Amino acid sequence: MLSFLICLALLIGGYFVYGNVVEKTFGPDDRETPAVKINDGVDYVVLPQWKLFMIQLLNIAGLGPIFGALQGALWGPIVFLWITFGTIFAGAVHDYFSGMMSERNEGASISEIAGIYLGGAMKNVMRVFSVVLLVMVGTVFAVGPAGLIVTLFKNGGHEGIVATTLFWLIIVLVYYFIATFISIDKIIGKIYPVFGICLIIMAVGVAIGIFTKSEYTIPEIWNNFTNMHPSGTPVWSFMFITVACGAISGFHATQSPLMARCMKSEKQGHFVFYGAMVSEGIIALIWAAAGCSLYEVTGGLNTGLAEVLANGQSAAIYDVCSKTMGGVGIALAMLGVIACPITSGDTAFRSARLVLADWFKIDQKKWQNRLMLCVPVLGVGAILGIGNALGKIDYTVIWRYFSWTNQTLAMIVLWAASMYLFYDKKNYWITAVPATFMSAVSVTYFLLGNECLGQFLNTKTADGATVYNTAVAYPVGIIVAIVFLSIFLYTIKKRNPQPHYETLHK
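Residues numbered from 1 in each chain as written. Predicted model: local features only at pLDDT ≥ 70, side-chain atom pairs only at ≥ 80, totals over all residues. Heavy atoms only, no water.

**Q** Which parts of the structure should I look at to understand the nonpolar core?
**A** Counting 156 residues, the largest nonpolar core has Phe80, Phe97, Tyr176, Met259, Tyr274 and Trp287 as its most contacted members. With 15 residues, the top contributor of residues to this core is helix H13 (residues 269-293). Contacts of tyrosine 176, omitting those with residues within four sequence positions, involve Gly138, Phe141, Ala142, Pro341, Ile342, Gly345, Asp346, Phe349 and Leu378. (Core = buried A, V, L, I, M, F, W, Y, C linked by side-chain atoms within 4.5 Å. Buried < 20%, exposed > 50% of the residue type's maximum accessible area, 1.4 Å probe, protein only. Helix = DSSP H or I, 4+ residues; strand = E, 2+ residues; numbered from the N terminus. Contact = heavy atoms within 4.5 Å.)

In structure tokens, the structure reads:
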């Protein structure tokens, strides 16, 4: 339990200490923001700071820091270290710079920002990456809440469960369409504070349940500094990919421009972007602690947690809420967990619309133009979601592809931020170091993941267990990361830093 408290204290302290370092490195000033300058009444709308924070937190939270942290707990309490230091030195830095770079470029989507600082080829790569990622996120966060609602009401029979899931999925998708289409302050700006309260109650309730029930003890990192995954899945780089949103997430870079278009002052960035990511890290830490403390450990492996997760994310989350709170607490916590992914799903589809709008230069002030983009974006999400509900598409496969795409996007954004800082004559190492680290993570997983090249490089034992080809993947991942860093250093050596970022538009 002590190691959990230390990590919690480090996260809170990281916001004030390292968060200030990051803010000073960027250097926010009093220039006119996009929300004030453009203010189209749809996507560019000035919102109060507390709403900016709450919307940003709910945008980036979703099921990521909840289900991802539970899955990460399979490796044991060492996951606390990744959540803590990943949040402070990578995730929150990533979120801050993705938001503030957008702020400095008239609220542009992250794909356009990548093009400004990394070139036209990377812009096109990021456009595709962003749209694919956002549609996957929207789909995952539509299927998830539908399944949670079915679990909550315990509908019996396979056919009844499928029909009920489809019904709630359609309801969620209809809401997503409305939230994607209309002005950001009409629905999102009004209901997010209510959902935020649910999210806070859920996190606090789970934490109190763990601390007040004597049968639960959070294991210490120093007593369990080993791989506790029942399947023997390597820590590197699977844990770093699996936890994703609880430490660093490229998805957040697609969400930050939404709030960059609604900020009255650049100086709100520390609280809105860095602060929201630290808050998400705390949520992930609580859920990882629940996964480590609530379930049976057999032979030093988290077998009990693996059995619960095998029943699906909805059942696993419901089980944690039931064990920690029970009674009325279950309904409150489940409401928070249902609201949480919904508030990421709607803005995921909204961001997809904006990425496409920036890509094809389509003005979004006219409702006809918004409708033209909303229909195909939500249509693809509906096909994927219904396919999952009918058992035609495996949710876990969607999640795994989402996880790798997510972390690769984060890697690219950090390299773009490094180039931005170089041009602005600032300390680019603050982003180049985590960019190098995430490059190694992303490349290694691409070589090991069974949905990627792992299906060719890995082997199987006689009983069907996967033998990961780490002898090849580990050194290749490190070498590629070093190559990426070398390319960055070589590139900036050949270029002269510009006096202002605006010259990059020319």
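**Q** What exactly am I supposed to notice about the side chain of threonine 436 here?
**A** Within the secondary structure layout, threonine 436 lies in helix H19 (residues 429-448). Relative accessible area serves as the criterion here: at 15%, threonine 436 is assigned to the buried category. Reaching out from threonine 436, the side chain makes a polar contact with the backbone oxygen of alanine 432 at a distance of 2.8 Å. The contact partners of threonine 436, leaving out residues within four places of it in the chain, are Trp415, Ala481 and Leu485. (Polar contact = N/O pair within 3.5 Å; in protein donor to acceptor, adjacent residues only side chain to side chain.)

**Q** Honestly, the packing of helix H4 (residues 49-61) against helix H12 (residues 251-260) in this entry has me stumped. Any pointers?
**A** Each pair of packed helices gets described by two things: the angle between the helix axes and the distance between those axes. One way to put it is that H4 packs onto H12 with a least axis distance of 9 Å and a crossing angle of 155°. Put simply, H4 runs roughly antiparallel to H12. Pair H4 / H12 crosses with right-handed handedness. Of the residues in H12, those touching H4 at Leu52, Ile55, Gln56, Asn59 and Ile60 are Phe251, His252, Gln255, Ser256, Leu258 and Met259. The residue inventory of the contact of H4 with H12, partitioned by class, reads six nonpolar, five polar and no charged. (Axes fitted to C-alpha atoms, helices over the stretch in contact; angles between N-to-C directions. Parallel < 35°, antiparallel > 145°, perpendicular 65-115°, else oblique. Left-handed = near helix turned anticlockwise from the far one by under 90°. Nonpolar A, V, L, I, M, F, W, Y, C, P; charged D, E, K, R; others polar.)

**Q** How should I be thinking about helix H11 (residues 235-243) in this particular structure?
**A** Because each turn of an α-helix spans 3.6 residues, side chains separated by three or four positions in sequence point in the same direction. When you tally the buried positions in H11, you get seven out of nine residues, the bulk of the element. Along H11, the residues classified as buried are Ser237, Phe238, Met239, Phe240, Ile241, Thr242 and Val243. Downstream of H11 by one or two residues, alanine 244 has phi in the positive range, about 45°.

**Q** Help me out: how do you make sense of the environment of alanine 306 in this one?
**A** Tracing the backbone through its elements, the reader meets alanine 306 in helix H14 (residues 303-309). Overall, alanine 306 belongs to the partly exposed group, its relative accessible area being 25%. Each C-alpha atom, one on alanine 306 and one on leucine 70, is 9.6 Å from the other, the two residues being 236 residues apart in sequence. Dropping the residues within four chain positions of it, alanine 306 is found in contact with Leu74 and Pro230.

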